[in-house]
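Each chain, letter by letter, is given below.
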Amino acid sequence: MSKAPFGRRLLRVTGMDELGAYRVLRVADPDGPEPEPGQFAMLTTAERWGAGENERPYLARAFSFARWRDGQAHYLLEDVGPGTKRLCELSAGEEVWTLGPLGQGFTAPGRVGPHPRRAILVGGGVGIAPLAILQDALECEVTVLLGFRDGARAVGAALLDGAQVATDDGSAGYHGLVTDLLAAELQRDPAAVVYSCGPAGMLEGVRAMCAQSGTPAQLALEAGMACGFGACFGCVVPRHGGGYLRVCVDGPVIDAAELDVVEEHNGAPA
Amino acid sequence: MSVEFCGLRLVHPVINGSGTFDALAAREAFGTALNVEFPFAAYVSKTITLEPRRGNPPPRLWEASGGLVNSIGLPNKGLEGYLAEDLPALASLPVPLITNVMGSTAAEISELLEACDARAEIAAVELNVSCPNVKTGLDIGADPRQLEEVLRTVRPRTGKPLIVKLTPNAADVSACALAAEAGGANAVSLINTLRALVLRPVSRKGPSAVPERRPWLGAGTGGLSGPAIRAVALAQVAAVAERAQIPVIGMGGVSTAAHARDLLDVGARLVAVGTESFRDPVAGAKIARELAG
């Protein structure tokens, strides 16, 4: 995995694009190490971080790299709390503190399953972000299945190529859960490796389904996290066989076999 | 900017608060750069207990107004695992190592101190006394009489400098500091986190839903740290430094050199950076540099 420069770095915002209900933040990092798909960074705005609702945000916020192009990191943002709200207000020319790339990313298909013929990418909501940079890197056949709450969020599917879309309200694509689409794909051809990121309920559906079909799965998890580099011990999830995994240093991408269940995530500071 | 502390010569007065920086995990994340500018003049380990602990069930964190409430539960490999697996790696850090330990009885603490005493890699021991007495349920460090009694029993078990990490959740913290001094402590460190409670947010599912106001943190209560506690820390450090003869390590919400300077100016010998390192792992080095300049 790519190692992070020691200490947070002040980097310049090069753009902020609307993508339906989401925004794509672009940050120039000409000297930074290229992240591997699934890795993340901790972000803080240089100005006015704090003194929002309830005097928050205070801690940095964790974001998967959604893309790495021409020395620029892309992050997918959704305004769901004081930190993400402040980050969504950024525009070109402003600065962000960045610590990263951090964590363990996705394992390439050739090193996961016995002989996977293709990768199935299953994403939900803002969790589609790491699947985009993964798709950029994959050389095998790829099937992309993305689920969203509604049509405004489904616009985010444009981040990936050739996605089949499902929405909870039926306003775009298949009316239902993205895991329904996965079930059909696995039935058609179970010799695949599944890469997934999204809400805990969706990830648990993916985990259970893949466990049943014997399909290897790599899950990118989210958890409440203060530091991102193993110091705070706050972001733990129960590990198969006992004990806990730290999502920041043991993950965020964790082999599904390491988990008995994907629990409702424990309230990442947003 | 070098400073003498309990017979140790430190290159600057900034160290880390116990449990706020995992040097071994940081080395994985940042590589050898960690050793090039190690952010602290001494490294304080997370708390080690006799038996391994897996820590508290999640959620373990809550972002508070200007701070953090945590209930981690002191996960660690236990004394044996620490000595065998972590200590050799920690010994390669470029600064002196202070091992933080906690026990719930004098006998447990004695065993921990004896084991640390036998290891040359350990420069000093910090005793976490924010641990409930198994008989009374009260924190050992919250009652001056109990604290002095425990320290008199365990003090002879190590010849290394012994720092007592005081709890701020006591009626009279300076009385506790004086008790630690009378019991043979070589230094005191404060403040630990302030006991704090966060409730689960009220469900937004509709007016008919009866809100279940349960604690947010998996273990119930937690400890508050960060800028929110800075003024409390300054008051407690000032009160202790005024009355105690032994050196004081001051901490609580230090984010900048100005905050560190405040603690030094009210009498702290060293300052520790804790929660700020979560936001920037090199915060300690930046603060030390700015203090020197």
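Anything mentioned here points back to the structure above.
The rules behind each value
- Residues numbered from 1 in each chain as written.
- Chains lettered and ligands numbered in written order.
- Predicted model: local features only at pLDDT ≥ 70, side-chain atom pairs only at ≥ 80, totals over all residues.
- Contact = placed C-beta atoms within 7 Å.
- Helix = DSSP H or I, 4+ residues; strand = E, 2+ residues; numbered from the N terminus.
- Pairing = 2+ DSSP bridges.
- Buried ≥ 20, exposed ≤ 12 C-beta atoms within 10 Å, placed from the backbone.
- Arc of directions from axis to C-beta.

Contacts between chain B and chain A engage 33 residues on the former and 31 residues on the latter. The set of elements that each furnish at least two residues to the side of chain B that touches chain A consists of α1 (23–30), α2 (33–36), β5 (61–64), β6 (67–70) and α9 (275–279) of chain B. No other element matches α1 of chain B, which puts five residues into the side of chain B that touches chain A.

This part covers the pairing of strand β12 (residues 222–225) of chain B. Residues and elements named next belong to chain B. Relative to β12, β6 runs antiparallel, the two being bridged by three bridges. From the neighbouring strand, valine 69 faces β12, where its bridge partner is leucine 224. By the bridge criterion, three bridges tie strand β11 (residues 194–196) to β12 in an arrangement that is antiparallel. Along β12, the bridge assignment pairs alanine 196 with glycine 222.

Residue and element names in this part refer to chain A. With an omega dihedral of 5°, the bond running from glycine 100 to proline 101 counts as a cis peptide bond. Among the structural elements, proline 101 can be located in strand β7 (residues 95–102). The peptide bond linking glycine 251 to proline 252 adopts the cis configuration, its omega dihedral lying at 10°. Considering the arrangement of structural elements, one finds proline 252 in the loop between β15 (244–246) and β16 (253–255). The backbone of phenylalanine 233 shows a phi angle near 60°, a positive value even though the residue is not glycine. Along the chain, phenylalanine 233 falls in the loop between β13 (217–220) and β14 (236–238). Classification of phenylalanine 233 as buried rests on a count of 26 C-beta atoms within 10 Å.

This paragraph deals with α1 of chain B. All names here are of chain B. Inspection of α1 places Ala23, Ala26, Ala29 and Phe30 among the buried residues, and these make up the whole buried set. Axial view of α1: buried residues confined to an arc of 115°, hence all on one face. Glycine 31 lies just past α1 and shows a positive phi near 70°.

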